[in-house]
Number of protein chains: 8
Amino acid sequence: MKQVFLQLLQLSFYFAEKLAADTSNIIATRAEPAVFAALKDLFPQAEYHALARMVVIKRERVSKPKGLVAVLTAGTADLPVAEEAALTAEIMGNRVERIYDVGVAGLHRLLHYHQQLEKARVLIVVAGMEGALASVVGGLVSKPIIAVPTSIGYGANFLGLAPLLTMLNSCAPGVSVVNIDNGYGAGCCASLINQLD
Amino acid sequence: MKQVFLQLLQLSFYFAEKLAADTSNIIATRAEPAVFAALKDLFPQAEYHALARMVVIKRERVSKPKGLVAVLTAGTADLPVAEEAALTAEIMGNRVERIYDVGVAGLHRLLHYHQQLEKARVLIVVAGMEGALASVVGGLVSKPIIAVPTSIGYGANFLGLAPLLTMLNSCAPGVSVVNIDNGYGAGCCASLINQLD
Amino acid sequence: MKQVFLQLLQLSFYFAEKLAADTSNIIATRAEPAVFAALKDLFPQAEYHALARMVVIKRERVSKPKGLVAVLTAGTADLPVAEEAALTAEIMGNRVERIYDVGVAGLHRLLHYHQQLEKARVLIVVAGMEGALASVVGGLVSKPIIAVPTSIGYGANFLGLAPLLTMLNSCAPGVSVVNIDNGYGAGCCASLINQLD
Amino acid sequence: MKQVFLQLLQLSFYFAEKLAADTSNIIATRAEPAVFAALKDLFPQAEYHALARMVVIKRERVSKPKGLVAVLTAGTADLPVAEEAALTAEIMGNRVERIYDVGVAGLHRLLHYHQQLEKARVLIVVAGMEGALASVVGGLVSKPIIAVPTSIGYGANFLGLAPLLTMLNSCAPGVSVVNIDNGYGAGCCASLINQLD
Amino acid sequence: MKQVFLQLLQLSFYFAEKLAADTSNIIATRAEPAVFAALKDLFPQAEYHALARMVVIKRERVSKPKGLVAVLTAGTADLPVAEEAALTAEIMGNRVERIYDVGVAGLHRLLHYHQQLEKARVLIVVAGMEGALASVVGGLVSKPIIAVPTSIGYGANFLGLAPLLTMLNSCAPGVSVVNIDNGYGAGCCASLINQLD
Amino acid sequence: MKQVFLQLLQLSFYFAEKLAADTSNIIATRAEPAVFAALKDLFPQAEYHALARMVVIKRERVSKPKGLVAVLTAGTADLPVAEEAALTAEIMGNRVERIYDVGVAGLHRLLHYHQQLEKARVLIVVAGMEGALASVVGGLVSKPIIAVPTSIGYGANFLGLAPLLTMLNSCAPGVSVVNIDNGYGAGCCASLINQLD
Amino acid sequence: MKQVFLQLLQLSFYFAEKLAADTSNIIATRAEPAVFAALKDLFPQAEYHALARMVVIKRERVSKPKGLVAVLTAGTADLPVAEEAALTAEIMGNRVERIYDVGVAGLHRLLHYHQQLEKARVLIVVAGMEGALASVVGGLVSKPIIAVPTSIGYGANFLGLAPLLTMLNSCAPGVSVVNIDNGYGAGCCASLINQLD
Amino acid sequence: MKQVFLQLLQLSFYFAEKLAADTSNIIATRAEPAVFAALKDLFPQAEYHALARMVVIKRERVSKPKGLVAVLTAGTADLPVAEEAALTAEIMGNRVERIYDVGVAGLHRLLHYHQQLEKARVLIVVAGMEGALASVVGGLVSKPIIAVPTSIGYGANFLGLAPLLTMLNSCAPGVSVVNIDNGYGAGCCASLINQLD
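The rules behind each value
Residues numbered from 1 in each chain as written. Chains lettered and ligands numbered in written order. Predicted model: local features only at pLDDT ≥ 70, side-chain atom pairs only at ≥ 80, totals over all residues. Heavy atoms only, no water. Helix = DSSP H or I, 4+ residues; strand = E, 2+ residues; numbered from the N terminus. Buried < 20%, exposed > 50% of the residue type's maximum accessible area, 1.4 Å probe, protein only. Contact = heavy atoms within 4.5 Å. Buried area = accessible area lost by both parts, 1.4 Å probe. Salt bridge = Lys/Arg side-chain N within 4 Å of Asp/Glu carboxyl O. Polar contact = N/O pair within 3.5 Å; in protein donor to acceptor, adjacent residues only side chain to side chain. Pairing = 2+ DSSP bridges. Right-handed = clockwise from strand over helix to strand, strands pointing away. Expected span 1.5 Å × (residues − 1). Least-squares fit on C-alpha atoms with pLDDT ≥ 70 in both.

What follows covers unusual backbone geometry. One non-glycine residue, F158 of chain B, adopts positive backbone phi at about 50°. Within the secondary structure layout, F158 of chain B lies in the loop between β8 (145-149) and α7 (161-168). Classification of F158 of chain B by relative accessible area gives partly exposed; the value is 27%. We note that L159 of chain E has phi near 60°; this positive angle belongs to a residue other than glycine. Position of L159 of chain E relative to the elements: it lies in the loop between β8 (145-149) and α7 (161-168).

Below, the structure is given as structure tokens:
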């Protein structure tokens, strides 16, 4: 199995041709509807995931599901990035469990999911505002955690800088971090970890 | 009752004279032992609190204790700032309860103190690293919380910038923030709140 | 009395349903008219406060007014944030006095209100530009002050960073700070303080 | 097997007592010789690793080695952080291969190790200056990569900010990042990943 | 030969008149179609390069081509800036070879062009994201390299700050840097170097 | 009259010779005692002002005093910078009035000096912490104000960045700003203004 | 003579009424045409200066012209800010000489104006990009200089931060700085200086 | 001819051995006297340049001098970095002309050297404070210019950030920039350019 993932920022014909010559699966992230329309013409099997702003073009079967990837969000506003992560992990052949809206300001909601967290092989924690969720989850479970800061917030959030710094300074061991809003990268990291034999 | 609090950054004789003419209590923060020695000569009743780096000169009785001020820290390295806050609140006439080393990476330790947190009238939360403790406490109790970021950390902590941003972006209502390492300011805020009739 | 406050950044149907199942008061902040329209369909009693960009849905009576919360602004451009703070405090059951446009460049206007400031139990100071008002008010009255920097300004204001730093470095004791433009948070803090027995 | 890892920033007697009561392994990072001397008195089996500035106290056997953790550095100045990562992984029960001084300015040196990189289950890439090594390694192997920026550099390096941003923006999938100079955190992450069944 | 290059940010009539009085070649960078339309009226020979957003007005012959300027990009999204650099160098009388889409995540693609890189007299390396390409190229060839960071990226890219810092900290000798997205400046530098006798 | 002012950062013999050949007055700022000692050997009339860390070498008479320059400070810790400004203005031939320790947290102290402020032709306002004094003075008097932020403070003061931004964003007209701790520059500006006919 | 200057960021009816009650001159800066239209209804004598985006309402005669204020710009793109400064100075009763487009990259153009610079009593230097003009002018003339950084530039200009820092660090004595794009503030400062007896 | 240049940050024996096995020239930059002492033992021909803090070990003849490299500084405090650049260029086989202390605040001094600047094939401009010299030189001569910001300055200089931004935003074509204080890198760039056939 071989896959091509691309982070489409500009769609040129040259590029489309190269894609067509390949037979692997394709993910186009941050894709506006117009990008989907253009890809749909070339690849009729293309699907659009509006919330995640992703186009997924499945052209080959991926390996059967392995361990579980859990994707958590602090709030509902973090869903687009979380879906980008979850869909990326899924198309790479992982089973994904979504545990959304479990931010630390309502701690008991998160504690309620404690057992489900333990079942995951790797966790993706998506959070904006102050991004404290990654540290709390890291204190609850001894699993690899990929933290994704989001640009949700305002003022001294500085477009995601606040949760980015929070996550980089996490006092919980086992937390590593990807770029702000980089659901795609988190999905890749989690998949590579989950698919280790 | 009238009190003079000073944030001594430079100790001049002129200043000392002014202090001597007054009869209120004095706090000197960030005071190295040499500052203490100089003050001790002028005010024999001066006491030195080494961990908090504070000199306290009690010259008048303060009002009898009112509600409780709780001071929490995430780690043991946050103790000097926490002690500055606690001692400031105490000399201003408040009862203070210290709940130290309850950072979010070991959540159950914090939850263990839940009932005691409910007994406080106002809470001071002191945390460095990623500073997530303020949000978690803010989610547990419906009380005014004064958050104090500390400069404990390294790298992308940027001398306390990380917990400062975390606390300013807290998703928990009721959290307001003072300057990095400003235990004195937090003690003043908590005291003003606690002493409201 | 129980209240649900939400900082609506995305309005989903799932979310609306959850709100409908509850019977507490609701505040939706940073709500564009379209958000109001959507909420109005679900909650006919919803009211829109255009200046504060807030939707308020009153569904239960809040406790009778206690002490006074004073809300001050430096300029007229700070009014939207100040109104968000004032309305938040009001729906949480506080009496609010608005003292607007008393910036430090016209000091005598502020001094004129000195007696009224003394009557408040807690003060919210809203200021953009250089944000010096919080320090001056903190020097005039010995009350808890919640300072709210606003993003009013340009150039080296850096979208509110300048007044944020000013307020965090305030030389007046008793000043604590919330996020830039966070009128809602300031209202919550002031209410929690004002409602202490 | 249970282990206690601590990031010793202040060593108090209270703390030492708590440690003594436990029987798990201990790592003290950023430990100056004086810290080692103090710990040596309490734990005669304590060992000091001068380059990594770590004290290691082995009190229990860890599970037998599993897959391989590769630790790479761009330059020789990155060695202290790399050794902190490598020793942390080793005491947690991992086999570690060190591949040092393979920065991108001498690309052929890195390419020479290509086969060895493929044998690792997870890679830790430690780099200061511009931190480009993580991206290049991420392009060569399809394995989870933990990138550790170091504070090696000067001027517009801004104490490690430059390689931190480089690594967060890596165009290679599979790269996640820990705090500047955080060898300990990278070792923990790699160990958690490597020990997945 | 004398040339006038201008970085048109505002097009006034006064300015156009001054241009008309001159007989040298003109480059207008960052020119929207409306700017082209306005210039086309005054200079019928004006040409528009849409990808580079440049207007080129050739009014005199430039010296015959000298050594080769190679222009490389890491990704396809960097093409507009690369084309601005390449066109600037061409109108100043240089032969330009374009080697696009050779980012470090696919190292073998870059190595494939190694011999062509050696033929250039000076290289312009255009890269966004983490900007690692400049260091890798600097390690491959012993030629002057003008590095151009682009604002391609998101989150902790900070509009080009990340590749700017990467390039300034390059561990490869021979790399100097121009402003973010400054293809024009890179073209000027490369031309001045290439035209040295 | 001609004067040479120098901001001595390195004292070389070559430099000293040049100075000796001249007959104008000399100011050496940020001069440690060792610098004074070296200059004293060459210029026996050199005087050392320890608080301002300045060496003053008077070798010619300056014009008789003109209008008054007022130098204000917010706190006592700002005195070294204020003295640098005051001494610079004095050696350039200005009468200087010092009004120290009139920060905004004790507003009545400042208001007490209102009449004296009105007598000055130009004012220098020196303040660290949050630097609010410049705005308040600018609101009281209609005179040119040179604001000097100082690096007095800690945490989110960022070595003087906070008062620098405060002063640049001052809502009071007539305030212009020099570099952090640049008493010398403020003294020059004030002198140039005061000596206008 | 009394004047009211306002920096209109929001135009409310309340505000307009207050203005109407007054009889002094009014300047509205950063005024879009819609603001002008609204003011024109209330004040028929209102004039709009499109380049400076200013509304000027003259209702009283200002004192007869005194010394000369020179306003310089580095480029043509700096004209809007320069015109805001020049118009502000003019309505406050100053004679203004405009010397535009004399940036340091074409030094001889600036030197050509040397004599005219000497005739001014105070100079306003407006520059974006790297803002070097203030230092060069400060080296040429011994007059008070108000430097205004503009947000003209891109990339590492950071919306005017680059010229702001340049001007604050100017090695020429006599240069003080106002906020980015603050032509109004520069005009006020220059007028206060120029009108000193 | 082959040369090894190293930027010694840590001197290990392993490293020294590798050096000994080679026969090319060696430069050790930022070398404290202790580093020199250690190298002198191994390489008796090692020379120490105290001002530039460099150790130079000549072991082979470099090609005979080609065109001229001019090294300029704005002030005397920039000399250490300038000497690092000049010595680097010299050991790589270039003739170097030093033109020091020609900052823009004394423009006529720089203009005095205009003809000599024209004789150089490539120029290195070293400047701290506001770093305006690069733009002015770039406006005077049509040659490749390598700009080196230095960390000379204080306050809003931010350890060289100010001149770095100035140079990156230079309005003069032909200016490219290396890292703050990176005299070594500037010397390499200039040498590569100067040695082009």
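With that out of the way, let us pick up the interface of chain B and chain A. On the chain A side, the residues contacting the 26 residues of chain B number 26 residues. Both faces combined, the contact of chain B with chain A buries some 2,000 Å², and carbon together with sulfur accounts for 72% of it. The tally of links between chain B and chain A comes to zero salt bridges. Where chain B packs against chain A, one counts nine residue pairs in polar contact (both at pLDDT 80 or more). Listed by contribution, the elements that provide at least two residues to the side of chain B that touches chain A are α4 (107-112), α6 (133-140) and α7 of chain B.

Another aspect to go through is the pairing of strand β6 (residues 95-99) of chain D. Consecutive side chains of a regular strand alternate in pointing toward one face of the sheet and then the other. All names here are of chain D. Two elements, strand β5 (residues 68-73) and β6, share five bridges in a ladder whose sense is parallel. Bridge assignment links L72 to a residue of β6, and that residue is I99. A crossover links β5 with its parallel partner β6, the connecting element being helix α3 (residues 79-91), and its sense is right-handed.

Another aspect to go through is helix α3 (residues 79-91) of chain B. All names here are of chain B. With 13 residues, α3 extends 18 Å from end C-alpha to end C-alpha; this agrees with the ideal 18 Å at 1.5 Å per step. Counting buried residues in α3 gives eleven out of 13 residues, a clear majority hidden from the surface. Where α3 is concerned, the buried positions are L79, V81, A82, E83, E84, A85, A86, L87, T88, A89 and I91. Within two residues after α3, G93 carries a phi angle of roughly 95°, on the positive side.

The interface of chain C with chain A comprises eleven residues on the first partner and nine residues on the second. With both sides pooled, the region where chain C packs onto chain A buries about 880 Å², and carbon together with sulfur makes up 58% of that total. The tally of links from chain C across to chain A stands at zero salt bridges. Counting every contact that joins chain C to chain A gives three residue pairs in polar contact (both at pLDDT 80 or more).

Okay, the relation of the copies chain C and chain A next. Once chain C has been moved 0.0 Å along the axis and rotated by 90°, it coincides with chain A to within an RMSD of 0.0 Å. Both copies are brought into coincidence by an operation consistent with a four-fold rotation axis. Looking at the rotation axis and the C-alpha trace of chain C, the residue lying nearest is F158 of chain C, at 7.3 Å.

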